[in-house]
Amino acid sequence: MMCFSNLLLGTTDARIGGIGVFNSNPLDIEAYRELLLKKYSNAKCGKQRDTVVIDQQEDRPIYNLDLLVEHVTKAFPKFNVKVVSLASMKLPERIALLCRAHIFIAVHGPALYNIALMPREGTVLEIFPYGFHAPTFQTLAKRLEVSYYGWQNINKDRTRFHPEVLDRWDLEDAERDLIINAPKYDPQLPSPAVSYWTEQETGVVLKQIMDAVRKAGPQPMSGPKKAEL
């Protein structure tokens, strides 16, 4: 027998936009969000949105992250710019951080489920790696009334692939070659292809990202001057 003091059950990504399926009830998503905020948050979030959160994922890093942080800090000098690994944070810590987030930046992946912890006045910027795109988190943001902007890496030269991720599976050489030599991710590829095409290093185009940050949602309340890029 297994007992739980707390148990949360949620929908799979296929029910909120993964693989193009949009069947979850928006009221269920909203109820899940309210449950999290009410039950686990000891923070007084209030109405102030004074933080820019940039998630750093070990298995899908932004290789020019330092430059991105520098540009965001210059563009929003009166905001707290936090570079964190949400995966390593406990839920109450994530809630306390994201409930004050004006902007949340992350590469496509599990970290973006934390959109559910953001205020409706917030903005999320999703970074897609080369050759991969999915509507999952755009759908989630829309249903949570969070502003959304997506940026797609279309330049293979700004990508560092890691074929060694395929070593987790006992693939035939032909399957491995099929995944690596594909022009982009395709659901018809062997299932490990998802990891190969998402767990890559991405170099963002700073001007495009900064334009997206400014346009994707409400402007900072403190009205900082825009940085020259």
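An account of the accompanying structure is given in this report. Remember, it's a predicted structure, so these values are computed and weren't measured experimentally. Counting restarts for each chain: residues are numbered from 1 in the order of the written sequence. Confidence filtering applies because this is a predicted model: local features only for residues at pLDDT of at least 70, side-chain atom pairs given and counted only at 80 or more, and all residues used for totals across whole chains, interfaces and linings. For side-chain calculations, the full set of non-hydrogen atoms in the structure is used, while hydrogens and water are omitted.

### Points about the nonpolar core
Here's step 1: Residues belong to a common nonpolar core when they are buried Ala, Val, Leu, Ile, Met, Phe, Trp, Tyr or Cys residues joined through side-chain atoms within 4.5 Å. Buried means the residue's accessible area, taken with a 1.4 Å probe over protein chains only, is under 20% of the maximum for its type, while exposed means over 50%, and partly exposed covers the values in between. One finds Leu86, Leu98, Phe104, Ile115 and Val124 to be the most contacted residues of the largest nonpolar core, which totals 27 residues.
Here's step 2: Helical segments are the DSSP runs of H or I of at least four residues, strand segments are the runs of E of at least two, and each set is numbered from the N terminus. Counting residues per element, the ones that place at least two in this core are α1 (26-40), α3 (91-98), β3 (101-107), β4 (123-128) and α4 (136-143).
Here's step 3: Residue contributions to this core peak at four residues, all from α3.
Here's step 4: Not counting residues up to four positions away in its chain, the partners in contact with Leu98 are Val53, Leu86, Phe104, Asn114, Leu117, Met118 and Pro119.
Here's step 5: Within the second largest apolar cluster, 22 residues are counted, among which are Val52, Val72, Phe79 and Leu206. Whether two residues are in contact is decided by their heavy atoms: any pair within 4.5 Å suffices.

### What about the packing of helix α2 (residues 65-75) against helix α7 (residues 206-215)?
Here's step 1: Remark: α2 packs on α7, axes separated minimally by 11 Å, with the N-to-C direction vectors making an angle of 40 degrees. Taken together, the axes of α2 and α7 are oblique relative to one another. Relative to α7, α2 is oriented so that their crossing is right-handed. Taken together, the residues of α7 that come into contact with α2 (itself represented by Leu67, Leu68, His71, Val72 and Ala75) are Leu206, Ile209, Met210 and Arg214. Axis lines are fitted to C-alpha atoms, over the contacting stretch for helices. Their N-to-C directions set the angle, which ranges from 0 to 180 degrees. The cut-offs work like this: below 35 degrees is roughly parallel, past 145 is roughly antiparallel, 65 to 115 is roughly perpendicular, and the gaps in between are oblique. For a crossing to be left-handed, the near helix must be turned anticlockwise from the far one by less than a right angle; the clockwise case is right-handed.

### Topic: unusual backbone geometry
Here's step 1: Here Glu145, not a glycine, exhibits a phi torsion of approximately 60 degrees, which is positive.
Here's step 2: Within the element layout of this structure, Glu145 appears in the loop between α4 and β5 (147-152).

### Re the environment of Glu34
Here's step 1: When you line up the elements, Glu34 lands in helix α1.
Here's step 2: The spacing of Glu34 and Ala116 is 82 residues in sequence and 9.0 Å in space, taken between C-alpha atoms.

### Thoughts on the side chain of His108
Here's step 1: Relative to the elements of secondary structure, His108 occurs in the loop between β3 and β4.
Here's step 2: Looking at His108, the relative accessible area reads 8%, which means it is buried.
Here's step 3: Look past the residues within four positions of His108 in its chain and what remains in contact with it is Arg60, Glu126, Ile127, Phe128, Pro129, Phe132, Ala134 and Phe137.

### Observations regarding the pattern of salt bridges
Here's step 1: Salt-bridge detection follows one rule: a side-chain nitrogen of Lys or Arg within 4 Å of a carboxyl oxygen of Asp or Glu. This structure, assessed with the given rule, holds seven salt bridges.
Here's step 2: Between Glu201 and Arg160 there is a salt bridge, and its shortest N-O distance comes to 3.5 Å. Placement of the pair is Glu201 in strand β7 (residues 201-202) and Arg160 in strand β6 (residues 159-160), with a sequence separation of 41 residues.
Here's step 3: Here Arg176 ties to Asp167 by a salt bridge, and the two come within 3.1 Å at their closest N and O atoms.
Here's step 4: By relative accessible area, Arg176 is classed as partly exposed at 23%.
Here's step 5: We classify Asp167 as exposed; its relative accessible area is 52%.

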